[in-house]
Amino acid sequence: MKILGIECSCDDTSISIIDSSKTIIANEVLSQNNIHKNFNGIVPELAARNHVLFIDKILEKILIEKKLDMKHINLISATAGPGLIGGLLVGLTFAKTLAQFNNIPFIGVNHLEGHALTTRLTDDTEFPFLLLLISGGHTSFYFVSDSNKYKFLGGTLDDALGEAFDKVAKLLNLGFPGGPLLEELAKKGTENLVDLPRPLIKKDTLDMSFSGLKTAVINKTKDKFYRDKYSSADIAASFQEAVSDILCSKINKAINFCDNSISPFRNVVISGGVASNKYLRFKINKIVERNGKNIYFPPPNMCTDNGAMIAWAGYELYKKGIRSKLNLKARPRWPLEEIRSRK
Ligand code: KG4
Ligand code: ZN
């Protein structure tokens, strides 16, 4: 089977074609960074307009390049939420139109489910697994026992981790998108120099908080003592170290909790845009291995938003007999644990 995946929930326009034996035939991601960098953040209306401008051209390009035709496509899967409503409507309407016109089954996928199942496409990760999703809008732990069964275990009480990276990067005048630029700068700095808090690290739950950490960075960068003594690179490195301490401590707790209170499991998956951070990958790898579990990260280009993960999630649902009707609505908010109400 060949599956077309369409992802427009934020600022990347992505269309991919995969097949049911896990070959990624095409994975085209058109970034809008050049547009949004002028505003130091994503402008939803501009994002929507640019999805409209390019979505059909991207499809045409990959069909020509791969010498394929819509008649070769057996399933169309598109992100139906959560995300920015303008982009969701563009992707979903495009997908439904293609599905109706070409008489192809259609599935609306939860974006978080795309991130959750990516390593089943790239690495054959088996259920059940502990998932930590760290993206621009979400920072949560789930226990995933099947492609339609997500148990929320805990997460951030305020900022998402990617948001915290982006805000700290903005503060350090690094530009947009902040996460990868902050990671680059941190390589030149010394960690542990700037004294930063690790909010909620001692709390026994999986609650996390990144807004306090961000505020501490704001205060430190305003403080003359710190400004004279430490470079932006030291601040970036110390921020990243604080984030890593928080994540590693909570991953430890999450593993113990799942082992003792949910079910035996062997696999841990870390996904979402922030999971492409090499420093965090290194630290998390060590803590997960120490717990005797297997760790899975998507390849860096598939940690961030892409159509292939949406195609794969759609295919997993298709195998379960799930189909969406053509009147499926876009959902700007759609928690993963409410996944059963997809129809
Ligand atoms: O998953 P994603 O592409 O979009 C959402 O679903 O939100 O994640 C985007 C987020 C942004 O906040 C971006 O700054 C962050 O992931 N990010 C990173 C890195 N690459 C992307 N954060 C830290 N280090 C990175 N290397
Ligand atoms: Zn995402």
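Cut-offs used in this document
Residues numbered from 1 in each chain as written. Chains lettered and ligands numbered in written order. Predicted model: local features only at pLDDT ≥ 70, side-chain atom pairs only at ≥ 80, totals over all residues. Heavy atoms only, no water. Axes fitted to C-alpha atoms, helices over the stretch in contact; angles between N-to-C directions. Helix = DSSP H or I, 4+ residues; strand = E, 2+ residues; numbered from the N terminus. Parallel < 35°, antiparallel > 145°, perpendicular 65-115°, else oblique. Left-handed = near helix turned anticlockwise from the far one by under 90°. Contact = heavy atoms within 4.5 Å. Nonpolar A, V, L, I, M, F, W, Y, C, P; charged D, E, K, R; others polar. Pairing = 2+ DSSP bridges. Near = heavy atom within 4 Å. Polar contact = N/O pair within 3.5 Å; in protein donor to acceptor, adjacent residues only side chain to side chain. Areas by Shrake-Rupley, 256 points an atom, 1.4 Å probe, with all protein chains shown as cover. Domains from an automatic or database assignment. Phe/Tyr/Trp six-rings, centres within 6.5 Å; stacked < 30°, edge-to-face > 60°. Buried < 20%, exposed > 50% of the residue type's maximum accessible area, 1.4 Å probe, protein only. Lys NZ or Arg CZ within 6 Å of the ring centre and 35° of its normal. Patch = residues over 30% accessible without salt bridge, like charges linked within 9 Å, V, L, I, M, F, W, Y side chains within 5 Å. Salt bridge = Lys/Arg side-chain N within 4 Å of Asp/Glu carboxyl O. Core = buried A, V, L, I, M, F, W, Y, C linked by side-chain atoms within 4.5 Å.

### Quick look at the packing of helix 9 (residues 232-261) against helix 10 (residues 278-290)
Next, step 1: Helix 10 packs onto helix 9 with a crossing angle of 30° between their chain directions and a minimal axis gap of 10 Å. Considered as vectors, helix 9 and helix 10 are oriented roughly parallel to each other. Handedness of the crossing formed by helix 9 with helix 10: right-handed. Each of Gln240, Glu241, Val243, Ser244, Leu247, Cys248, Ile251 and Asn252 in helix 9 lies in contact with helix 10, whose residues at this interface are Tyr279, Leu280, Lys283, Ile284, Ile287 and Val288.
Next, step 2: Taken together, the residues that form the contact of helix 9 with helix 10 break down as nine nonpolar, three polar and two charged.

### Quick word on the sheet that holds strand 1 (residues 2-7)
Next, step 1: In spatial order, the strands read 3-2-1-4-5; together these five strands make up an open sheet with mixed pairing. In this open sheet, the two edge strands, each paired with only one partner strand, are strand 3 (24-30) and strand 5 (106-110). The average angle at which neighbouring strand axes cross in this sheet is 20°, direction not considered.
Next, step 2: Sheet topology note: the strand 1/strand 4 (residues 75-81) ladder contains four bridges and is parallel. Bridging from a neighbouring strand, Ile6 pairs with Ala78 of strand 4.
Next, step 3: Those strands touched by helix 4 (residues 111-122) are strand 1, strand 2 (13-19), strand 3, strand 4 and strand 5, and its axis lies near 100° from that of strand 5.

### Here we look at the site of ligand 1
Next, step 1: Lining the immediate surroundings of ligand 1 are 19 residues, of which Gly136, Asp166, Glu183, Gly273 and Asn277 lie closest.
Next, step 2: Gly136 is positioned with one of its backbone polar atoms (N or O) 2.8 Å from an oxygen atom of ligand 1.
Next, step 3: One of the side-chain N or O atoms of Asn277 is found 3.1 Å from a nitrogen atom in ligand 1.
Next, step 4: Protein coverage of the free-state accessible area of ligand 1, which is 550 Å², stands at 87%.
Next, step 5: For the shell around ligand 1, the secondary structure elements donating two or more residues are helix 4, helix 5 (161-171) and helix 6 (178-186).
Next, step 6: For the shell around ligand 1, the residue count by class is four nonpolar, 12 polar and three charged.
Next, step 7: Composition of the shell around ligand 1 by domain shows at least three residues from each of domain 1 (2-118 + 302-338) and domain 2 (126-297).

### Digging into the packing of aromatic side chains
Next, step 1: The final tally for this structure, using the stated rule, is seven aromatic pairs.
Next, step 2: Where Trp312 meets Tyr315, the ring centres are 5.5 Å apart and the plane angle is 55°; that geometry is what we call tilted. Highlighted residues: Trp312 and Tyr315, both in helix 12 (residues 307-319), separated by three residues, approximately one helical turn. Residues Trp312 and Tyr315 agree in their burial class; the two are buried.
Next, step 3: The positively charged end of Lys293 is found above the aromatic ring belonging to Phe265, 4.2 Å away from the centroid.

### Thoughts on a nonpolar patch on the surface
Next, step 1: On the surface, Leu30, Leu53 and Phe54 cluster together into a nonpolar patch covering about 240 Å² of accessible area.
Next, step 2: Positionally, Phe54 belongs in helix 2 (residues 44-65).
Next, step 3: According to the relative accessible area criterion, Phe54 is partly exposed, its value standing at 34%.

### Observations concerning the nonpolar core
Most often, soluble globular proteins have nonpolar side chains that are buried together.
Next, step 1: Ranked by internal contacts, the top residues of the largest apolar core, which has 58 residues, are Leu4, Ile6, Met70 and Ile76.
Next, step 2: Looking at this core element by element, the count peaks at eight residues for helix 12.
Next, step 3: Both domains that meet at this core, namely domain 1 (2-118 + 302-338) and domain 2 (126-297), each give it at least three residues.
Next, step 4: The residues touching Leu4, leaving out its near neighbours within four places in the chain, are Ile15, Ser16, Ile17, Leu59, Met70, Ile73, Leu75, Ile76, Ser77, Leu98 and Ala311.
Next, step 5: Counting residues in each nonpolar core, the second largest holds 52 residues, with Ala186, Tyr226, Ile246 and Val268 among its members.

### Looking at the sheet that holds strand 9 (residues 267-271)
Next, step 1: Taking strand neighbours across the sheet as the criterion, the five strands line up as 8-7-6-9-10 in an open arrangement whose pairing is mixed. Edge positions in the sheet fall to strand 8 (149-155) and strand 10 (294-296), since each of these pairs with one other strand and no more. Direction aside, the axes of adjacent strands within the sheet are offset by 25° on average.
Next, step 2: Here strand 6 (residues 129-134) pairs with strand 9 via five bridges, running parallel. Considered in strand 9, the bridge of Leu132 is made with Ile270.

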